[in-house]
Amino acid sequence: MNGKKGSNIEISINIPSSMAKVKQLDQAGKKSSNGGGGGFSLKALVSKVSEFAKEDSNRVKFSLKVGLAVLLVSLLILFRAPYEVFGTNIIWSILTVAIMFEYTVGATFNRGFNRALGSLLAGILAIGVAQIALSSGHVAEPIIIGISIFIIGTITSFMKLWPSLVPYEYGFRVVLFTFCLIVVSGYRISMGNPMRTAMDRLYSIAIGGFVAVLVNVLVCPIWAGEQLHKELVNSFDSVAASLEECVGKYLEDDGSEHPEFSKTVMDEFPDEPAYRKCRSTLNSSAKLEALAVSAKWEPPHGRFRHFFYPWSEYVKVAAVLRYCAYEVMALHGVLHSEIQAPYNLRITFQSEIREATSQAAELVRSLGQDISSMKRSARNSLLKKVHSSTERLQRAIDVHSYLLTSTCEPQDTTNFSKPQPRLSQTLTNTFSDLPNQLTDLDSSNSLEMNLSQQLNQSTPQQTESNYHELMRKQSRRLHYSWPPLQVDAFEEEGSAGDFLPRMKALESTAALSLATFTSLLIEFVARLDHLVEAVDELSKLAKF
């Protein structure tokens, strides 16, 4: 922990951070688990696998279902009767199960549709090309097959890059490799009977696809719609928790502890779990879009019992929520920035900031609860409370904006944890002590006039030295979280007349970080209106 920049003596005490302690404990645990030799540890491997399975029980279900589907298809090869009917082409059933079986039911249907359509189209093209090649003679047959493979490969590779055909990219890939396998193997193996080869392989693919869909739907189905629903609800909770966590730390941080800059850049904040969840919410757009695409292929199920369920609205709500999460991440940026407002200035507005934060977080959680329960609740009163609390915060900042300017000196530099007095608290004392203040003002003016006369009568070198001596006697303003530079730091950079404006600029920048924090909080509340509208639109289309 480094000493304060404003002090003359800088003492450095190296105290290991919490992350360093955690890393040391992890290394010690690894050494103890490995027996000190760094070898393979079966116990550690089992523990990792167990933790991975406990994070999501559906992973184990999915693995077991894939094993069951592959076993059922393999029985066609293990038993003699099916194998005598289909022969070696039955291996295509196992390949189809391995390729088609996806994590969710909707993704399996989507992959199965592309697989079926691609295989059917490839079979038709392969049969047509094979018939043409056979009728053209042995000399032209390999030439026609080679040219057809080149043309099909070029066309399918180009079409799968077309923007509107990107969702069917797997289908074009299936067309290419199925066509090539049927044509080439039919040319060398089927002894002039490509029709038989194509039909046997299409039957095998159909059997594998049927088994994959049947097992995925009937045995512990994992619905993409349910996954999308839960992900969106969890995102609401993450944003609300991260907002409360950020504001709480901002108002409780007295500047005594600051993480190293490297940890700030790398986002290593082990004491902020909600921050990490909010950051994962920002990175979940691709996952939610994939789940929405898969959910469109699923039949009505569970709570989603009507056809054409508006899954795309979930993606729109998630997009609006991410814009709100951007503001929360910006608040975290102010929390961990190098320039910080004084602690006594932050706690001056803590009642308004906490009220606005709690009301906003409650509204976000209420929206998430409405989606979770699929029931609309009366949010008008809660939304009015959020607006009123935010207006009080903005009014407090406007009325007491004089505390954020460099022309206003701190009232009490000896009590760092004491809030700054507000205008409403000081008006009475100001008017009652007006005669004394006028007397002090006259004396201070006369002192400034004498000082200016002395500075004007002295030489420029004496003026600069006297000014620096005077400034060294003043307080260093050590109560700012971002300490202003010492007077000595300005001696080599410019004249003495530049010191006071630059010192004021440093203090003003530090104080205005509070204004930045409150403005981001107000912007977050403003974006909540769009979030409420998006959730209302979802509830209308989803009929809840």
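Our subject is the structure listed above.
Worth saying up front: this structure is predicted, and the values here are computed from it rather than measured. (Residues numbered from 1 in each chain as written. Predicted model: local features only at pLDDT ≥ 70, side-chain atom pairs only at ≥ 80, totals over all residues. Heavy atoms only, no water.)

Counting secondary structure elements, the protein chain contains 22 helices and zero strands. For the protein chain, the residues scored as buried account for 39% of the 544 residues in total. Taking the intrachain contacts of the protein chain between residues at least 6 apart in sequence as the baseline, contacts between residues at least 24 apart amount to 78%. Surface exposure of the protein chain reaches about 30500 Å², of which carbon and sulfur atoms provide 61%. (Helix = DSSP H or I, 4+ residues; strand = E, 2+ residues; numbered from the N terminus. Buried < 20%, exposed > 50% of the residue type's maximum accessible area, 1.4 Å probe, protein only. Contact = heavy atoms within 4.5 Å. Areas by Shrake-Rupley, 256 points an atom, 1.4 Å probe, with all protein chains shown as cover.)

With that settled, consider the packing of helix α13 (residues 285-295) against helix α14 (residues 311-335). Where α13 contacts α14, the two axes come as close as 8 Å, and the packing angle between them is 170 degrees. Comparing the axis directions of α13 and α14 gives the class roughly antiparallel. Note on element contacts: α14 touches α13 through Trp311, Val315, Ala318 and Arg322, opposite Ser285, Leu288, Glu289, Ala292 and Ala295. Across the contact of α13 with α14, the residue classes tally to six nonpolar, one polar and two charged. (Axes fitted to C-alpha atoms, helices over the stretch in contact; angles between N-to-C directions. Parallel < 35°, antiparallel > 145°, perpendicular 65-115°, else oblique. Nonpolar A, V, L, I, M, F, W, Y, C, P; charged D, E, K, R; others polar.)

Bringing the nonpolar core into the picture now. Generally speaking, nonpolar side chains in soluble globular proteins are found buried as a group. Core analysis: the biggest nonpolar cluster contains 69 residues, and Phe236, Tyr314, Val317, Ile353, Ile371, Phe524 and Leu528 have the highest contact counts within it. Contributing elements (two or more residues each) for this core: α10 (224-252), α12 (273-282), α13, α14, α16 (350-373), α17 (380-399) and α22 (499-542). It is α22 that provides the largest number of residues to this core, a total of 14 residues. In this structure, Ile127, Ile152, Val183 and Ala198 belong to the second largest nonpolar core, which totals twelve residues. (Core = buried A, V, L, I, M, F, W, Y, C linked by side-chain atoms within 4.5 Å.)

A cluster of nonpolar side chains, contributed by Ile143, Ile147, Phe150, Ile151, Ile155, Phe158, Met159 and Trp162, occupies part of the molecular surface with about 850 Å² of accessible area. Within the fold, Trp162 resides in the loop between α7 (140-159) and α8 (169-188). (Patch = residues over 30% accessible without salt bridge, like charges linked within 9 Å, V, L, I, M, F, W, Y side chains within 5 Å. Salt bridge = Lys/Arg side-chain N within 4 Å of Asp/Glu carboxyl O.)

The subject of this paragraph is the environment of Thr88. Summarising the element assignment, Thr88 is placed in the loop between α4 (80-86) and α5 (91-100). Note: C-alpha distance between Thr88 and Ile77 (eleven residues apart in sequence) is 8.5 Å.

With that settled, the discussion passes to α16. If you check α16, its first and last C-alpha atoms are 34 Å apart, about what 24 residues at 1.5 Å a residue would give, namely 34 Å. Two residues or fewer past α16, Met374 is found with a positive phi of approximately 55 degrees. (Expected span 1.5 Å × (residues − 1).)

Turning next to unusual backbone geometry. Positive phi is not limited to glycine here, since Phe308 has a value of about 55 degrees. Classification of Phe308 by relative accessible area gives exposed; the value is 83%. Of note in the backbone geometry, Lys543 takes a positive phi value of approximately 60 degrees without being a glycine. Considering the arrangement of structural elements, one finds Lys543 in the segment after α22.

This next bit is on the packing of aromatic side chains. Per the counting criterion, the structure on display carries eleven aromatic pairs. For the ring pair Tyr309 and Tyr314, a centre distance of 6.1 Å and an interplane angle of 35 degrees mean the geometry is tilted. For Tyr309, a relative accessible area of 8% corresponds to the buried category. Here the guanidinium or amino end of Arg59 rests over the ring plane of Phe52, the centre of that ring lying 4.0 Å away. Directly above the aromatic system of Tyr170 lies the positively charged group of Arg111, at a separation of 4.2 Å from the ring centroid. (Phe/Tyr/Trp six-rings, centres within 6.5 Å; stacked < 30°, edge-to-face > 60°. Lys NZ or Arg CZ within 6 Å of the ring centre and 35° of its normal.)

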